[in-house]
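# Working through the structure, step by step
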Amino acid sequence: MKILLLGIGNVLYADEGIGVHFVNYIADNYQFSHESHELSLLDGGTLAQGLIPIICQYDYLIVVDTVNANGVEPGEVYFFDFDKAPKEIDWQGSAHEVEMLQTLNMMEMVGDRPKTFVLGVTPTVLEPMVLGLTPKVAAAVPLMESTLLGHLSSLGFSITRIADHSIDSLIPDSYKRSVTQNT
């Protein structure tokens, strides 16, 4: 099975960049192996529909992004099957736009969307031209990390920690990176 871990977001808008920052963080800190599955990590930035030719090559997709959720505090972490979103998720897309939601729905209509999960966090603030994360969203990273690693372990991946970089240490160069890692 081909699996894609896809980080979505605009790193210039504070918490809105969590998907990109998180995928960079995972790529720098972990190595994954599986005897038959292939895992790719990709910084999808704000490409959304431009990612369709890439996404449709995979059997399984994990999207990391911000999510809107009614009645919850910033920094709440969600991990769910895209087809079974929790009732409090407000599908205005993510907190920043509907483009990725529209992309996944379009792919579903033509039968190209892989089995999709969402690892999301509710943002604190979306401010233009702020590179970094607010304290509440940064504090959610360990839960996001353990959730992702637990899910990949349940799929049979062996996981090796190869570094101990903090997410904050990776953020200043996020806009320069293009994570594409196949394992």
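The present account deals with the structure reproduced in this document. (Residues numbered from 1 in each chain as written. Predicted model: local features only at pLDDT ≥ 70, side-chain atom pairs only at ≥ 80, totals over all residues. Heavy atoms only, no water.)

## Quick look at the nonpolar core
Soluble globular proteins: nonpolar side chains tend toward being buried together. Note the threshold: To form a nonpolar core, buried Ala, Val, Leu, Ile, Met, Phe, Trp, Tyr and Cys residues must be joined to one another through side-chain atoms within 4.5 Å. We call a residue buried when its accessible area falls under 20% of the maximum for its residue type, exposed when it is over 50%, and partly exposed in between, using a 1.4 Å probe and counting protein chains only. By the criteria applied, helices consist of DSSP H or I runs no shorter than four residues and strands consist of E runs no shorter than two, each listed in order from the N terminus. Contacts are residue-level and defined by heavy atoms, with any inter-residue pair within 4.5 Å sufficient.
Of all hydrophobic cores here, the largest spans 32 residues; its most connected members are Leu5, Phe22 and Ile26. With 7 residues, helix H4 (residues 135-154) is the single largest residue contributor to this core. Sequence-distant contacts of Phe22, that is, excluding residues within four places in its chain, are made with Val64, Leu119, Val141, Met144, Glu145, Leu148 and Ile167. Judged by nonpolar contacts, the second largest core, of 21 residues, contains Leu4, Leu42, Leu51 and Phe82.

## Some details on a nonpolar patch on the surface
Condition: Patch criteria: residues need more than 30% relative accessible area and no salt bridge. Like-charged residues are merged within 9 Å; nonpolar side chains of Val, Leu, Ile, Met, Phe, Trp and Tyr are merged within 5 Å. To be clear on the numbers: accessible area is Shrake-Rupley with a 1.4 Å probe, and residue cover counts the displayed protein chains and nothing else. Salt bridges are defined by distance alone: a side-chain nitrogen of Lys or Arg within 4 Å of a carboxyl oxygen of Asp or Glu.
Together, Leu12, Tyr13, Met129 and Leu131 give the surface a local cluster of nonpolar side chains, amounting to about 380 Å² of exposed area. Along the polypeptide, Tyr13 turns up in the loop between strand S1 (2-8) and helix H1 (18-29).

## A few points about unusual backbone geometry
For Ala14, which is not glycine, the phi dihedral falls at a positive 50 degrees. Note that Ala14 resides in the loop between S1 and H1. In this structure, Ala48 is a non-glycine residue whose phi angle is positive, near 40 degrees. Examined against the element boundaries, Ala48 turns out to sit in the loop between strand S3 (38-45) and helix H2 (52-55). Since its relative accessible area comes to 3%, Ala48 is described here as buried.

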